[in-house]
Amino acid sequence: MPTRPRLNLGRHMLPGLAAVALFVVMAAIFLRAEFPDALVETVGFDGSVTASIGYALFDLTGTMDGNVEGVIASDGFLAAFEIIDVVLVAALVGAVMLARREEGGSLRTALADGGRRLVGREHGEATTEESADGPSFADGAAQGSADGAGHGPAEGPGQSPGDGGGDA
Amino acid sequence: MAIAPEYWLLVSAAVFSIGLFGILTRRNALIFLMSVELMLNAGNINLVAFSYYYGNLTGQVFSLFTMALAAAEVAIGIGIILVLYRNFGEAEVTLANTMRW
């Protein structure tokens, strides 16, 4: 029978007080800081932000003064653009390599497949065992919508429409 | 009328602290990764806020690069969580506590 989720409060949340303390310290510093008034008065952008981001990515903002009506000043990011390209390709290759299936090594076999245990190994502290389908077949009626235990009661109502169609 | 810059800094500090709280207290590896993402996005809020107040686009473009770095890190992180699940049966950060010998 499903129960509602409970909030897990306990001793393991004590290190979280460090995060709360950090927020209090940062809030005290930020609320006391003085920002120059000229900074606060002239806010906002005049011109196209998206187009200017595009020019900034390729370091073209300096050459567009007379040609485009609204180019907002920015630094050039061409080197960062190329480097992030390399980083993303490396991340993709790394992710594919990490997610590969086993090729013979025993430590890389999948331990479970949707709850059904595949490899008969014991691991230390894992407690969720949904693969105990064997002993629970005896209480098939009490399981309700368990994997294999619902076949018996489900076939009963399925036969009566067929019987009614055979009569007509 | 624009929002004063200290309020943007406060929002960024709040999001950063929530991410730090998640890293320090959660055991599930995926929630851990979500908290890391929260911290990275807090830095991005700061960058964009100051870019707005200076009228210069450098902060916004740089925040795009940090967002791309966060995406690359999440890709590798999910690969690591996958290997963790295959070896230990659970995706929890407290399980891998010994080195191989």
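Whatever comes next refers back to the structure up there.
Draft legend 1. Molecular detail of the side chain of B:T66. Residue and element names in this part refer to chain B. Relative to the assigned elements, T66 resides in helix α3 (residues 58-88). On the basis of relative accessibility, which here comes to 19%, the residue T66 falls in the buried class. Within the structure, T66 has its side chain in polar contact with the backbone oxygen of S63 (distance 2.9 Å).

Draft legend 2. Molecular detail of the environment of A:G10. For A:G10, the position within the fold is in the segment before α1 (16-32). In sequence terms A:G10 and A:G94 are 84 residues apart; their C-alpha atoms lie 37 Å from each other.

Draft legend 3. Spatial organisation of unusual backbone geometry. A positive phi is found at A:D59, a non-glycine position, where the angle reads about 60°. Among the residues examined, A:D59 registers a relative accessible area of 44% and is labelled partly exposed.

Draft legend 4. Main features of the environment of B:V36. Relative to the helices and strands, B:V36 resides in helix α2 (residues 29-54). Assessed through its relative accessible area of 18%, B:V36 is described here as buried.

Draft legend 5. Broad picture of α3(B). For α3(B), spanning 31 residues, the distance from its first C-alpha to its last is 44 Å, which sits close to the expected 45 Å at 1.5 Å a residue. A positive phi of about 85° marks B:G89, the residue just after α3(B).

Draft legend 6. A look at the interface of chain A and chain B. Chain A puts 50 residues into the contact, and the matching count from chain B is 44 residues. Taking both partners together, chain A and chain B bury about 4100 Å²; carbon and sulfur atoms supply 75% of that area. At the junction of chain A with chain B, the criterion picks out 0 salt bridges. Connecting chain A to chain B are 4 residue pairs in polar contact (both at pLDDT 80 or more). Every element with two or more residues in the side of chain A that touches chain B is listed here: α1, α2 (37-41), α3 (49-57) and α4 (78-98) of chain A. Partitioned by chemical class, the residues of the side of chain A that touches chain B number 35 nonpolar, 10 polar and 5 charged.

Basis of the calculations
- Residues numbered from 1 in each chain as written.
- Chains lettered and ligands numbered in written order.
- Predicted model: local features only at pLDDT ≥ 70, side-chain atom pairs only at ≥ 80, totals over all residues.
- Heavy atoms only, no water.
- Helix = DSSP H or I, 4+ residues; strand = E, 2+ residues; numbered from the N terminus.
- Buried < 20%, exposed > 50% of the residue type's maximum accessible area, 1.4 Å probe, protein only.
- Polar contact = N/O pair within 3.5 Å; in protein donor to acceptor, adjacent residues only side chain to side chain.
- Expected span 1.5 Å × (residues − 1).
- Contact = heavy atoms within 4.5 Å.
- Buried area = accessible area lost by both parts, 1.4 Å probe.
- Salt bridge = Lys/Arg side-chain N within 4 Å of Asp/Glu carboxyl O.
- Nonpolar A, V, L, I, M, F, W, Y, C, P; charged D, E, K, R; others polar.

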